[in-house]
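Residue-level listing of the chains:
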Amino acid sequence: MRTHATTVICVRRDGSVVMAGDGQVTLAENVVKHTARKIRRLWNDRILAGFAGSTGDAFSLFSRFETKLEQFNGNLSRASVELAKDWRTDRALRHLEALLLVADAKNTFLLSGQGDIIESDDGISAIGSGGPVALAAARALMKHTPLSAREIASEAMEIAGRLCIYTNNNISVEEL
């Protein structure tokens, strides 16, 4: 049995950085948990990280990423590059099935096992099966409303939860 992805979004607006994720864990055609926390604070609460994909793989990546953050004194860019390099080249890591979304006060990066380190053009990034829905909703809200980053992230997650069967509306939110 394989787990299905989730939805995690990061929104930047007016100096705020907000990451939100849903709480649903799906195994095959069954929802097995409603209250998972898929985002967390790292490195002295200065970095937000969220995952989509296999939970065990994500925990391995969080651990490796925390090690990189310590090694590079909280430098998000450098830690991201080094994790992506290891993830792509390490025999064990390259089989991990997950995506990471990481952010600090200045940068947001989407990291993948193919060595991708993607920074969005507009301050909004999303991952997981409901990611495209949340991303579209957040971009529309950013363009057409004065809502805060927190309000945009929360509303985008609510919309994704209504459309994506692998995403629920039990949302956790972290803000820098």
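Look a little higher up for the structure.
The paragraphs below set out a description of the structure included in this document. Predicted, not measured: the structure shown is a model, and the values here were computed from it.

Our next topic: the pattern of salt bridges. Here the structure, examined in full by the defined rule, presents nine salt bridges. For the salt bridge of Arg-78 with Glu-82, the shortest nitrogen-to-oxygen distance reads 3.6 Å. Placement of the pair is Arg-78 and Glu-82 together in helix H2 (residues 76-89), with a separation of four residues, close to one helical turn. Owing to a relative accessible area of 42%, Arg-78 belongs among the partly exposed residues under this scheme. In this structure, Glu-175 engages Arg-150 in a salt bridge whose closest nitrogen and oxygen atoms are separated by 2.9 Å. Taken as a pair, Glu-175 in strand S11 (residues 172-175) and Arg-150 in helix H4 (residues 149-163) lie far apart in primary sequence, 25 residues in all. What makes Arg-150 partly exposed here is its relative accessible area of 36%. Residues participating in the shared-partner salt-bridge network are Arg-37, Arg-41 and Glu-174.

For the rest of this paragraph, the subject is helix H3 (residues 131-144). Relative to the 20 Å expected for 14 residues at 1.5 Å per residue, H3 spans 20 Å between its end C-alpha atoms, a close match to the ideal helical length. Taken together, the buried residues of H3 touch strand S1 (8-13), strand S10 (124-127) and H4.

What counts and what doesn't
Residues numbered from 1 in each chain as written. Predicted model: local features only at pLDDT ≥ 70, side-chain atom pairs only at ≥ 80, totals over all residues. Heavy atoms only, no water. Salt bridge = Lys/Arg side-chain N within 4 Å of Asp/Glu carboxyl O. Helix = DSSP H or I, 4+ residues; strand = E, 2+ residues; numbered from the N terminus. Buried < 20%, exposed > 50% of the residue type's maximum accessible area, 1.4 Å probe, protein only. Expected span 1.5 Å × (residues − 1). Contact = heavy atoms within 4.5 Å.

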